[in-house]
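As a plain string of letters, each chain reads:
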Amino acid sequence: MALLAVLIPVLMLGVLLVLGRYEELLLPQDDADRREPAAVPAPAATVTSSPAPAGTPAPSP
């Protein structure tokens, strides 16, 4: 029984590793697909100040 308790996790790990290799063979990816190009920052927009409000605000009713 102790041998079975040791062998089952080792066999399960082996199955996971084999499935990972099988997935890599079944679904190959190019290096270009794995890595996205670095994002280029957008050019800084020129900031213009808004004109001052015209006149006085309307009175409250």
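Before any of the text, the structure's been laid out above.
Residues numbered from 1 in each chain as written. Predicted model: local features only at pLDDT ≥ 70, side-chain atom pairs only at ≥ 80, totals over all residues. Heavy atoms only, no water.

> Describe the overall build of the protein chain, naming the residues involved and giving the relevant values.
A count of helices and strands for the protein chain gives 2 helices and 0 strands. Counting every position in the protein chain, which comprises 61 residues, the buried fraction comes to 0%. Entry remark: accessible area of the protein chain is about 6,500 Å², with carbon and sulfur atoms responsible for 68%. (Helix = DSSP H or I, 4+ residues; strand = E, 2+ residues; numbered from the N terminus. Buried < 20%, exposed > 50% of the residue type's maximum accessible area, 1.4 Å probe, protein only. Areas by Shrake-Rupley, 256 points an atom, 1.4 Å probe, with all protein chains shown as cover.)

> Outline the pattern of salt bridges, supporting the account with residue identities and numerical values.
Pairs can form between side chains of opposite charge once their charged atoms are near each other. Scanning all chains against the criterion turns up 1 salt bridge. Ionic pairing is found between Glu 24 and Arg 21, a salt bridge with its closest N-O pair at 3.9 Å. With a gap of 3 residues between them, Glu 24 and Arg 21 both fall in helix H1 (residues 2–26), about one helical turn apart. For the residue pair Glu 24 and Arg 21, the accessibility class agrees, reading exposed in each case. (Salt bridge = Lys/Arg side-chain N within 4 Å of Asp/Glu carboxyl O.)

> I'd like to hear about a nonpolar patch on the surface, residue by residue, with values.
The grouping of Val 15, Leu 16, Leu 19, Tyr 22, Leu 26 and Leu 27 at the surface amounts to a nonpolar patch, some 650 Å² of accessible area in total. Here Leu 27 is to be found in the loop between H1 and helix H2 (31–34). (Patch = residues over 30% accessible without salt bridge, like charges linked within 9 Å, V, L, I, M, F, W, Y side chains within 5 Å.)

> An account of H1 is needed here, citing residue identities and associated values.
Because the α-helix completes a turn every 3.6 residues, residues three or four places apart line up on one side. With 25 residues, H1 ought to run about 36 Å at 1.5 Å a step, and its terminal C-alpha atoms sit 37 Å apart, in line with that. In terms of residue burial, H1 counts as a barely covered element, since only 0 of its 25 residues are buried. (Expected span 1.5 Å × (residues − 1).)

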